[in-house]
Amino acid sequence: MRLHYGVWDGVVYDNRGTADYKEPEGLDLKNLLQFNNGNPVMTFISHRGFLVFHPHANLLFAMNKYYSTVKDNSCGKCTPCRSGSIIISQALEKALRGDPINWENLLDIARMMRNTSFCGVGQTSPVALIEAIKAFPGDLKLVPLPDMPWGGYEVMTAPCIEACPAHVNVPRYIDYIKAGRTDYATGVVLRHYPLVGSCGRVCVRLCEKACRRNRLEGAVDIKNLKRYCADSLGYTVDKMFEGAAAEPSEFSPRIAIIGAGPSGLTCAYHLLLKGYKVEVFEAQRKAGGMALVGIPQYRLPKDILLAEANTIEQLGGKFHYGRRLGKDFTLDDLFNEGFNAVFIGVGCAKGMKLGFPEDNEQIEGYYNGLDFLLQVERGVVEGEAPSFSGDFVVVGGGNVAMDCSRSAVRMTDGKVHVIYRRTEAQAPADPLEIKAAKEEGIEFHFLTAQKELVLENGKVTGLRCIKLREGAPEANGRRKLIEIPGTEFVIPCSNVISAIGQRIDQSIFEQKDNILFDKRGNISVTESLATSRPGVFAGGDCATGPTTLIGGMAQGQTAAESIHEYLTRGSVGFEPRSRMTQMIKKCNLLEETEPVLPTIHQDRQQMPELAPEIRAHNFEEVELGLTPEEAKKEAERCMRCYRLFGVVTQLPIPGFNQKAQ
Ligand code: SF4
Ligand code: SF4
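Residues numbered from 1 in each chain as written. Chains lettered and ligands numbered in written order. Predicted model: local features only at pLDDT ≥ 70, side-chain atom pairs only at ≥ 80, totals over all residues. Heavy atoms only, no water.

Visitor: Residues and numbers for the pattern of salt bridges, please.
Guide: If the charged atoms of two oppositely charged side chains come close together, the side chains can form a pair. Evaluation of the coordinates by the stated rule reveals 48 salt bridges. Between lysine 77 and aspartate 175 there is a salt bridge, with the nearest N and O atoms lying 3.9 Å from each other. Residue lysine 77 is found in the loop between helix H1 (59-73) and helix H2 (79-96), and its partner aspartate 175 is found in helix H8 (residues 170-178); the two are separated by 98 residues along the sequence. Residue lysine 77 is classed as exposed on the basis of its relative accessible area, which comes to 55%. With a closest N to O distance of 3.8 Å, glutamate 433 and arginine 299 form a salt bridge. (Salt bridge = Lys/Arg side-chain N within 4 Å of Asp/Glu carboxyl O. Helix = DSSP H or I, 4+ residues; strand = E, 2+ residues; numbered from the N terminus. Buried < 20%, exposed > 50% of the residue type's maximum accessible area, 1.4 Å probe, protein only.)

Visitor: I'd love a proper account of the confidence of the model for the protein chain, names of residues and values included.
Guide: Per-residue confidence for the protein chain gives a mean pLDDT of 91, with 97% of residues at or over 70. Here residues 657-661 is modelled with pLDDT under 50, and outside its nearest four sequence neighbours on either side it reaches 13 contacts, counting other chains as well. (pLDDT = per-residue confidence, 0-100. Contact = heavy atoms within 4.5 Å.)

Visitor: Kindly report on the site of ligand 2, identifying the contributing residues and their values.
Guide: Taken together, Cys160, Pro171, Cys211, Arg212, Val220, Ile222, Cys638, Met639, Arg640 and Cys641 form the complete shell of residues around ligand 2. Here the shell around ligand 2 is built from residues that sort into 8 nonpolar, no polar and 2 charged. (Near = heavy atom within 4 Å. Nonpolar A, V, L, I, M, F, W, Y, C, P; charged D, E, K, R; others polar.)

Visitor: Can you lay out the sheet that holds strand E20 (residues 495-498) for me, pointing to particular residues and giving the numbers?
Guide: Backbone-to-backbone hydrogen bonds join strands into a sheet, with any given pair of strands oriented parallel or antiparallel. Strand order across the open sheet formed by 5 strands is E12-E20-E13-E14-E15, with parallel pairing between neighbours. Two strands lie at the open edges of the sheet, namely strand E12 (366-368) and strand E15 (443-445), each paired on one side alone. For this sheet, the mean angle separating the axes of adjacent strands, direction not counted, is 20 degrees. One ladder, built from 4 bridges, connects strand E13 (residues 392-395) with E20; its direction is parallel. Counted as the bridge partner of valine 394 is isoleucine 497 from E20. Against the sheet, helix H19 (residues 399-411) engages E13, strand E14 (416-419), E15 and E20, with an angle of about 165 degrees to E14. (Pairing = 2+ DSSP bridges. Axes fitted to C-alpha atoms, helices over the stretch in contact; angles between N-to-C directions.)

Visitor: Describe the packing of aromatic side chains, with residues and values.
Guide: Applying the stated criterion across every chain, the model contains 24 aromatic pairs. Each ring, one from tyrosine 176 and one from tyrosine 184, has its centre 5.4 Å from the other, and the planes form 85 degrees; the classification is edge-to-face. Judged by relative accessible area, tyrosine 176 falls into the partly exposed class, the value being 29%. Plain terms: the ring middles of phenylalanine 356 and tyrosine 366 are 6.2 Å apart, the flat faces sit at 40 degrees to each other, and that makes the pair tilted. With phenylalanine 356 in the loop between strand E11 (350-351) and E12 and tyrosine 366 in strand E12, this residue pair connects regions lying 10 residues apart in the sequence. The buried category is assigned to phenylalanine 356, whose relative accessible area is 8%. The exposure class of tyrosine 366 is buried, given its relative accessible area of 4%. (Phe/Tyr/Trp six-rings, centres within 6.5 Å; stacked < 30°, edge-to-face > 60°.)

Visitor: How would you sum up the environment of isoleucine 600? Please name residues and give values.
Guide: Looking at the element boundaries, isoleucine 600 is found in the loop between helix H23 (576-586) and helix H24 (612-615). Judged by relative accessible area, which is 67%, isoleucine 600 ranks as exposed. Measuring from C-alpha to C-alpha, the distance between isoleucine 600 and arginine 637 comes to 8.7 Å, with 37 residues separating the pair along the chain. Isoleucine 600 has contacts with Arg213 and Glu217, leaving out every residue within four places of it along the chain.

Here you go:
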């Protein structure tokens, strides 16, 4: 038997004393039964109900723990939740001591809280208690024995928070925008990473895809609200850390960070905040990694990125520029110099070419996307003008292809084409980027593949292409692509850019580094981002393959925690927040089928932009930023869809000191 009893989505289950076992349909309970190794989940509570898995579980204990967290998370803006959560928590405390309480009265209060509260906290958290009082009043009155060794963990989250790889508390920073406190709002994001204004410009908006407002008029403009927080400070975030560098202690462990990209900077940031001595080794002349080289100036002004990276120096970290792993130093050198741990965030610095016979030759006009963007960056930001002319063909359908094509259109008077093997809907690029590229005059050829370079005297003069059609689905779920005979054609051009992917440059490692790679060629890491060499951690593109700015920063955040654990406990342990995320994701616990409660219709604010005919000829920032009025209006659209998830486990949770008492 797995489920003893409970109520889920309004359906009551009681498998005690019956052979007719039942459990919620479509809920894969095996994902909820263990929290960490050897530590069974006794109860699970959420906005959808409660589940009791263990014969010795105590429902009253679990409810008390859950509603104590509800009370702590009630913001106090509306009375039903503020007062209701306090009354419920105090009543359950009393019941736990064995004192009599009025359960009917408590049921009325929980219902009133659910029906009249402003936001997800008050509207959804009473559900479990209401169901328990109605269906299992006897179990709710059983008082547990004192001093049980149980553990427990709760997470207050929302669809946008779960979708964000760094789990930024989106509704909280939006609340601060509503209140006119963009400094506090920025502070919410700074709990996770220092590149606030940069991420607010270029994030891929996974949170917006998950936003519940999509089920009304469209997602809340979460990304641009974050940019608004940083921009409205009137100074860059590094200034917030002036004078904040910790006094170095000779006993503080030293950490080497290899690579000053988003993951390395974020890892350095968290370690500095914890009091470590941190030095960052960067092969290029500046910090920023792929965000510096790979994201063009018209999307991310480099002065903002560099200022935000300067937070590391404000906190007492040191940069060593022009220092390349494998050429200027090795991992052994770092440990011999006295570093206690190393984080590798070297990215995927090798752009892939198109698989043509000329790939390894120097052909004028044939580049990989990364090299092209590096030349553009140096040209635009440092004045080393690259000479590009004529028409371009960019091959690829991802964000790098969009960055290459939109940069190319700004570098030439010629025509710019993008060819992509699959359909527009299947292109991995942000749809807004494709739209912007089209507005700037870039011509797209979907379901089109490259066949060969057309060359004259060693120079590119065109790209031979062929049209494709979709066939039957293959094992990976994607449709087979079939060339259509007789559809070959040449796009005349002077430049062909391959933007089909990047990979890690493995040649920077030696065998004695003892760094292993996975079958995709990335650095092999555990969930805690530990590599095969003790004391060496890796994250970002070099461990996952090309990822996003936010993906890299989230890994830097995780790696910093792991390094801290490694240096303080000698091993890397269990991360309860990640486990909770896994449970929520595997069981689709945030997917709701019932309609979103009626709210006032409010359309998404439109980000003001430079007109396509102006912006297509320069590298000025295209998006101009929301005004305070627009930001406030947009912030008002957030419905604070908080949901609380809580477990009680048979034993305390390792690495997490809070016991369920
Ligand atoms: S958390 Fe939500 S429901 Fe609770 S007091 Fe604040 S606004 Fe009201
Ligand atoms: S409405 Fe607000 S809290 Fe709800 S998912 Fe969207 S951003 Fe998050």
